[in-house]
Each structure stands twice: as C-alpha cells, then as structure tokens.
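# Descriptive analysis of the structure
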Amino acid sequence: MIHVPIMHNYYELCPDSVSMAPVPNSPVKVGHIDDVQELRKTKPRTVPQRFVRDMTERPTLPTTPLPPPDTHMPVIDFSKLSKGNKDEIFNLATACQEWGFFQVINHEIDLNLLERIENLSREFFMLPLEEKQKYPMAPGTVQGYGQAFVFSEDQKLDWCNMFALGLEPEYLRNPNLWPKTPERFSETVEEYSREIRKLCYNLLKDIALGLDLKGDVFEKMFGVSVQAIRMNYYPPCSRPDLVLGLSPHSDGSALTVLQQAKGGPVGLQILKNNTWLPIQPIPNALVINIGDTIEVLTNGKYRSVEHRAVAHEEKDRLSIVTFFAPSYEVELGPMPEFVDENHPCMYRRYNHGEYSKHYVTNKLQGKKTLDFAKIQTKNTD
Ligand SMILES: COC(=O)C(/C=C/C1=C(C)CCCC1(C)C)=C/O[C@H]1C=C(C)C(=O)O1
Ligand SMILES: O=C(O)CCC(=O)C(=O)O
Ligand SMILES: [Fe+2]
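Here is what the cut-offs are and how they apply
Residues numbered from 1 in each chain as written. Chains lettered and ligands numbered in written order. Predicted model: local features only at pLDDT ≥ 70, side-chain atom pairs only at ≥ 80, totals over all residues. Heavy atoms only, no water. UniProt positions renumbered as here; feature names shortened; annotations may be inferred. Donors = N, O, S within 2.8 Å, 3.2 Å for Na, K, Ca; no water. Helix = DSSP H or I, 4+ residues; strand = E, 2+ residues; numbered from the N terminus. Near = heavy atom within 4 Å. Polar contact = N/O pair within 3.5 Å; in protein donor to acceptor, adjacent residues only side chain to side chain. Areas by Shrake-Rupley, 256 points an atom, 1.4 Å probe, with all protein chains shown as cover. Nonpolar A, V, L, I, M, F, W, Y, C, P; charged D, E, K, R; others polar.

In the annotation of an unreviewed UniProt entry, the entry for the protein chain reads Fe2OG dioxygenase domain-containing protein, and the organism field reads Vigna mungo. Per UniProt, the protein chain carries the Sequence similarities (unreviewed entry) text "Belongs to the iron/ascorbate-dependent oxidoreductase family."

And the structure:
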C-alpha cells in the first residue's frame, strides 16, 4: 500500500514517481497579479500593460453573422450512446478525429445540478476579495483562488480569475482550500464531480468502442483516475481586443468537460485549420474535449486541440471545467493498435505523474507542453 501525503502545492502535488515522496518547494517570483474583477470595478478605459498581448497574440473577436454551419462543433446525443446506437458511436469517433471537441446533449446529468453549481460558482466569485483570498492560489501552484500558470514577472496575464480544486484521488485535496461560503458549495462540488466522473467513464467507453477497442480499456488502464475542477470567471473588459481571457493551450487531461454558464457571451475559441473558431454554446449542453493523454494513447489519431477564451466588452462569463486524467502512477505511451509502418510511434513512454508535474510547472503555450512526450523526428530537408 502506498501512502501519499496531502499535497498543497505544485511541487508537492506530484510526488516523485518512484518513491512517491514529496519534492521540496521552490519559490516562484510572479510579481504583482491584479485581480481582474477588482480592476473592472474601477472601470478603467485602459487595461494594465501586463494584460496587453503582443500583436501576434491578440484575439479575433466573434463577429456577426456567426460562422457558417459547417464550422459548427459536432453535437453528440448521449441518450443514443447509452442505448448502444452504433451510428452515434460513429459520430462520436468522427467528432474526436476531426474536431477533438464536441458538445454533448441529453447527458443525463440533472439540469438542476448544473444550475446549482453555476449559481454557487458565481456566488463564490461575487464574494468580497478578502473572503476569496482566504483560499489563495500560491504563486506557481494550480489550486485555490487566483491565476494559475504564472511563473515569471514579465509573463502576460489572462483576463480571468480562477478557482480550482483537486478532487480525486483523495491525496490531491487540500481541505484548507475548500470554501466555507457560499453554503453547500463543497457538497455541491462533490455531487457534481460524481456525476461528471460517471459521464467521463461512459464517454471513454464509447470512445474506446469507436476505436475498435474493448469498452473498458481506458477505465482499466487509468487506475484511480485524477479529477480536478476549475471555475473560470471572466469579467467584462473595456479592451477585449487587446487581452486574452485564457491563453491558448491544450488540456493535459484525457478528457475535459466544460460547462458554460447560461446567458454568457461566446468566449471559447478553438484552433481549426489554423483559424480561431468561436464556439456558440448550446443551452444545457456540455462541451467535451480530447486531452493530451488520448492523443498519446491513440498515437495522434485523436488530437488534443488548442483552445483559448476571449473576454467581452460588456458581459461577464463563467465556465466550470473538469479535468479527468489517469492515475499519476500510470505509464503511458501509444497503444500498439495505433502503431504500424504507416503510423510510426510519435510519443515516448512516460509516467503520467511526471507529465502532470511538467504540465503544471510551465505556462500555457499552445501545444508546447506535449513536446515532453514527442519523439523528435529528424528534419531531412
Ligand atoms: C488547463 O489545465 C489545467 O488547469 C489542469 C489542471 C489540473 C489540476 C488542478 C486544477 C488541481 C489538481 C491537479 C491537476 C493538475 C489535476 C489540467 O489538468 C490536467 C493536466 C494534467 C497533466 C492532468 O492530469 O490533468
Ligand atoms: O472558459 C473556457 O471556455 C475555456 C476554459 C479552458 O479551456 C480551461 O479551463 O482549460
Ligand atoms: Fe482548456
């Protein structure tokens, strides 16, 4: 039996993969990070320089009319998957291969639960700053209230406040970071997480079937899966054309589940055919995306797609994101089913705990984090 300590920061978060011992802290100098909600309260017409992106990074903002229908993210009907509908499994496989993203409707999660988590998340972000700062995200760490993925004083900041918690396995939890207000916050997070976990296992089963694998292959492989939740709050910004809500990245998970709060503006954009495509939310649907783990396991057949969030001039936006990943003890690499002479092995084998440590100790920068696992091919030009 392995005993894993309670982990409070990113160095401790991933124990040494061999000894499972925590590795010592390292101070990270990130400079002053303005709280964007507080900045917004002063309604500045200019945004602080630290949020202003270089020209090449500035967003293209959603235009009217909206993009044509063939650029709409696929919609998967979970009630059909539940009945074992082969056509829907095929649609899911196509969505994973061609988009890396899809929206799930009829997901069987109580809409009242989605509404409750949304309301409680919003209530949390609306608390006074001093209250939220009782659960601080320490510099360089990813849990608590603040800005994650900031590692230097000159790094540009996202126009976003985050609140994140590690949920499973138990050792990821830091009880000091679980808010006492709003009331029922913690119980609702627990209930929500159980439902999302079920959805993830079900989707992984259908993803496996769509790949001609056994339905339980991922569940068996993942061991005691890692699960984390992050609430992202994007206040309105007077210059959304200059800032990013969330920097471009792919998710280091196997699957990510994104709930976009009702009534919010379009904010999520995914990189498709080298163009940033805004995603129109479908009411009550959940957005699912393929993370780096599935890209590696399928040897790149299914890819984790780069995405980002943009801010809006007048409206705020709230998203609730679940990251679902294998146990940190699991060794990953392309499955033999996806490697042959036409599909050479593109990723090395590695320990997911090591990948996680690498992921959370580097800034979000497109798909750069996955270089950790890529086998570098020689450039013959
Ligand atoms: C953008 O992706 C993330 O923020 C993220 C972080 C997840 C985590 C927490 C918020 C707290 C507990 C640790 C954990 C790293 C899971 C993505 O999660 C992915 C990335 C890796 C790697 C992973 O295992 O899940
Ligand atoms: O808020 C969003 O739409 C995107 C969130 C996201 O990509 C993330 O938290 O990893
Ligand atoms: Fe993401």
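### A closer look at the coordination of the iron ion (ligand 3)
Protein ligation of the iron ion (ligand 3) involves His249 (NE2), Asp251 (OD) and His307 (NE2), the donor distances falling in the range 2.1 to 2.3 Å. Site description for the iron ion (ligand 3): donor spacing in sequence, H-x1-D-x55-H. A residue pair is termed long-range when its members are at least 10 positions apart, and Asp251 in the loop between β6 (246–249) and β7 (255–260) and His307 in strand β11 (residues 307–309) qualify at 56 residues.

### Some thoughts on the UniProt feature "domain: Fe2OG dioxygenase" (unreviewed entry) in the protein chain
Under the feature "domain: Fe2OG dioxygenase" (unreviewed entry), the UniProt entry names residues 225–326. Secondary structure within residues 225–326 divides into 6% helix and 44% strand; the distance between the first and last C-alpha atoms comes to 5 Å.

### Overview of the site of ligand 2
Around ligand 2, the surrounding shell holds 13 residues, and the nearest of these are Arg230, Tyr234, His307, Arg317 and Ser319. One of the side-chain nitrogen or oxygen atoms of Arg230 is found 2.6 Å away from an oxygen atom of ligand 2. At a separation of 3.0 Å, an oxygen atom of ligand 2 approaches a polar side-chain atom of His307. The fraction of the free accessible surface of ligand 2 (290 Å²) that becomes covered by protein chains is 98%. Looking at the shell around ligand 2, the elements that each hand over two or more residues are β5 (226–234), β6 and β12 (317–325). Counting residues per element, the shell around ligand 2 draws most heavily on β12, at four residues. Across the shell around ligand 2, the residue classes tally to six nonpolar, four polar and three charged.

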